[in-house]
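Remarks on the overall topology
Here is what each chain is made of, one letter per residue.
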Amino acid sequence: MRGTWKLRMRMFLTYFFMFSIVYFLVFLISRYFGISSWRIYAVVSLGMVFLQYWFGPSIVKRSMNVRPLSEAEAPHIHKMVEELAREAGVPKPELGLSEIAIPNAFAYGRTSKSGHIAITRPILGLLDYDELRAVLGHEMGHIKHNDMAVTAAVSVIPMICYYIAIAFMFSGDRENGGGILIGILGYVFYLIGQLLVLFISRTREYYADEASVKFGNRPAALVSALYKLSYGASRCSEETIKELNTNRAFFATDINNAEHDINDFRQIDFDGDGKISDEELRKLANSEVKISRKNGIMELLSTHPDSLKRVKRLAQLEY
């Protein structure tokens, strides 16, 4: 696996830029209300980011309806996680079961020493042993890289900007226009923040895929798992997808793009059996993948990389 210094650098720059956005908005709002102390700006800005970092795991756990998954309930899954943790060189994460209707898995936590991996109930029975281990390896990669904490911390900042934008654009301030200006800037920062969150989310997925392979999983097993997870998400109701939309960056696949991803996977599922074999992935490794302009734009608005690009990179890891 390639070094992760680029991932760490991008996470740091994203975190720094997001903090700068918050600081600037706090500065404008404080000046609007007649407060002129840089210490207050700094304390409020740091406080907002720190609170999201600190309470982020609890928010994810509650919103995803996660409960502890005991070793007695799933000894084979605990054994997989223990083996993967040993390969990753991190303490064994807490294992949980998420009572939501979409087949998937996700990692959350503040640090690699206090990580959590959760699987959703529908994933049980959908994936075979190798596929499930590959997905768990992917989530272990997130814990190894400690990127889930950054994602949780920065993902809320665009929403803060959005609420600030709404509050000030409709504040009724028509005299000097200061409130409206803050509202417009808040909305601009909301859009920029959303794109940054999506960018860092896509980047971390590539590294987690590579980590899963490094931990001893076959690339084809992970691709097959992603194929099945996309198919499972496509069969869920729009209401279910909408309820989990704000947390989709944590999943192994983008549940919003399930139908599109299935069409991509079918292009390399040459025998149509709903799985991707080593031979099918080998053919992709030796072929050229072209992403249309439409798919490129869709990728910019997605939490996960384009599925064909993602699979192509996985294919190149082994072949």
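In what follows, the structure referred to is the one given above.
Within any chain, residue numbers begin from 1 and follow the written order of that chain's sequence. Only residues with pLDDT of 70 or above have their local features reported here, since the model is predicted, and side-chain atom pairs are shown and tallied only from 80 upward, although totals for entire chains, interfaces and linings are computed over all residues. Side-chain measures were taken over the full set of non-hydrogen atoms in the model, leaving aside hydrogen atoms and water.

**Notes on helix α5 (residues 147-155)**
Categorising residues by exposure relies on relative accessible area from a 1.4 Å probe, with only protein chains included: less than 20% of the type maximum marks a residue as buried, more than 50% marks it as exposed, and the intermediate range marks it as partly exposed. Each helix is a run of H or I in the DSSP string that is no shorter than four residues. Each strand is a run of E no shorter than two, and both are numbered from the N terminus. When you tally the buried positions in α5, you get 8 out of 9 residues, the bulk of the element. Looking only at α5, the buried set comprises Asp 147, Met 148, Ala 149, Val 150, Thr 151, Ala 152, Ala 153 and Val 154. Buried residues along α5 sit against α1 (5-32), α2 (38-63), β3 (105-108), α4 (129-145), α6 (157-169) and α7 (178-214). Contacts were defined at the residue level, with two residues in contact if any of their heavy atoms lie within 4.5 Å.

**A look at the sheet that holds strand β1 (residues 66-68)**
Strands are labelled as partners when DSSP assigns at least two bridges between them. Spatial strand order, β1-β2-β4-β3: 4 strands in an open sheet with mixed pairing. Strands at the two margins of the open sheet, each flanked by one partner only, are β1 and β3. Taking the axes of each pair of neighbouring strands and ignoring which way they run, one obtains an average angle of 30 degrees across the sheet. With 5 bridges connecting them, strand β2 (residues 94-98) and strand β4 (residues 116-120) associate as parallel partners. Bridging from a neighbouring strand, Ser 98 pairs with Thr 120 of β4. Orientation is described by lines fitted to C-alpha atoms, with helices fitted over the stretch in contact, and by angles between N-to-C directions that extend from 0 to 180 degrees.

**So, helix α8 (residues 219-234)**
Here α8 is 16 residues long and its end C-alpha atoms lie 23 Å apart, about the 22 Å a rise of 1.5 Å per residue gives. Counting buried residues along α8, 14 of its 16 residues qualify, which places the element largely inside the surrounding structure. Here a helix's expected span is defined as the number of its residues, less one, multiplied by 1.5 Å.

**With respect to the nonpolar core**
In summary, soluble globular proteins display a tendency toward joint burial of nonpolar side chains. Buried Ala, Val, Leu, Ile, Met, Phe, Trp, Tyr and Cys residues form a nonpolar core when they are joined through side-chain atoms within 4.5 Å. Of all hydrophobic cores here, the largest spans 45 residues; its most connected members are Ile 77, Ile 119, Leu 136, Met 140, Val 223 and Leu 281. The leading source of residues in this core is α8, at 8 residues. Look past the residues within four positions of Ile 119 in its chain and what remains in contact with it is Leu 69, Ile 77, Gly 96, Leu 97, Ser 98, Asn 104, Ala 105, Leu 124 and Leu 136. Counting residues in hydrophobic clusters, the runner-up holds 23 residues, among them Leu 25, Val 49, Cys 161 and Val 197.

**Quick notes on the packing of aromatic side chains**
Within 6.5 Å between ring centres, the rings of Phe, Tyr and Trp (the latter by its six-membered ring) count as paired, and their orientation is classed by plane angle as stacked under 30 degrees, edge-to-face over 60, tilted in between. Taken as a whole, this structure holds 15 aromatic pairs when the rule is applied. Taking 5.1 Å as the distance between ring centres and 50 degrees as the angle between the ring planes, the aromatic pair formed by Tyr 162 and Tyr 190 counts as tilted. On the criterion of sequence distance, the pair formed by Tyr 162 in helix α6 and Tyr 190 in helix α7 is long-range, its members being 28 residues apart. For Tyr 190, a relative accessible area of 15% gives the class buried. Residues Tyr 227 and Phe 265 carry aromatic rings whose centres are separated by 5.3 Å and whose planes lie at 25 degrees to one another, so their mutual orientation is stacked. With Tyr 227 in helix α8 and Phe 265 in helix α10 (residues 258-268), the pair connects residues that are 38 residues apart, well separated along the chain. An identical accessibility class is assigned to Tyr 227 and Phe 265; each is buried.

**A closer look at the side chain of Glu 280**
Looking at where Glu 280 falls in the secondary structure, it is placed in helix α11 (residues 278-285). Note on charges: Lys and Arg go in the positive column, Asp and Glu in the negative column, and His and the chain ends are not counted at all. Each salt bridge in this description consists of a side-chain nitrogen of Lys or Arg and a carboxyl oxygen of Asp or Glu lying within 4 Å of one another. Despite its burial, Glu 280 pairs with no opposite charge, the nearest such side chain being Lys 283 at 7.0 Å. Contact partners of Glu 280, with chain neighbours within four places excluded, come to Ile 268, Asp 269, Phe 270, Asp 271 and Lys 275.

**Points about unusual backbone geometry**
Residue Asn 65 is not a glycine yet carries a positive backbone phi of 55 degrees. Mapped onto the secondary structure, Asn 65 falls in the loop between α2 and β1. When its relative accessible area of 43% is taken as the criterion, Asn 65 is described as partly exposed. Even without glycine at this site, Asn 146 takes up a positive phi of about 60 degrees. Take Asn 146: it is sitting in the loop between α4 and α5. For Asn 146, a relative accessible area of 27% corresponds to the partly exposed category.

**Description of the pattern of salt bridges**
Tallying each qualifying case throughout the model produces 16 salt bridges. Put simply, Glu 99 and Arg 67 hold a salt bridge, and the shortest N to O gap is 3.6 Å. Linking Glu 99 in the loop between β2 and β3 with Arg 67 in strand β1, this pair joins segments that are 32 residues apart in sequence. Across the salt bridge formed by Asp 147 and Arg 204, the nearest N and O atoms sit 2.7 Å from each other. Here Arg 204 lies in helix α7 and Asp 147 lies in helix α5, a separation of 57 residues in the sequence. Across the pair, Arg 204 and Asp 147 agree in class, each one buried. Three or more residues are tied together by salt bridges with common partners; here these are Asp 147, Arg 204, Glu 205, Asp 209 and Arg 310.

**Digging into the environment of Asn 245**
Secondary-structure assignment places Asn 245 in the loop between α9 (238-243) and α10. Considered as a pair, Asn 245 and Trp 38 are 207 residues apart in the sequence and their alpha carbons are 36 Å apart.

**Some thoughts on a nonpolar patch on the surface**
Taken together, the side chains of Trp 5, Met 9, Phe 12, Leu 13 and Phe 16 define a hydrophobic patch exposed on the protein surface, amounting to about 580 Å² of accessible area. Within the secondary structure, Phe 16 sits in helix α1. Residues enter a patch when their relative accessible area is above 30% and they make no salt bridge; the linking distance is 9 Å between like charges and 5 Å between nonpolar side chains (Val, Leu, Ile, Met, Phe, Trp, Tyr). All accessibility values rest on the Shrake-Rupley procedure with a 1.4 Å probe; residue burial counts only the protein chains present in the view.

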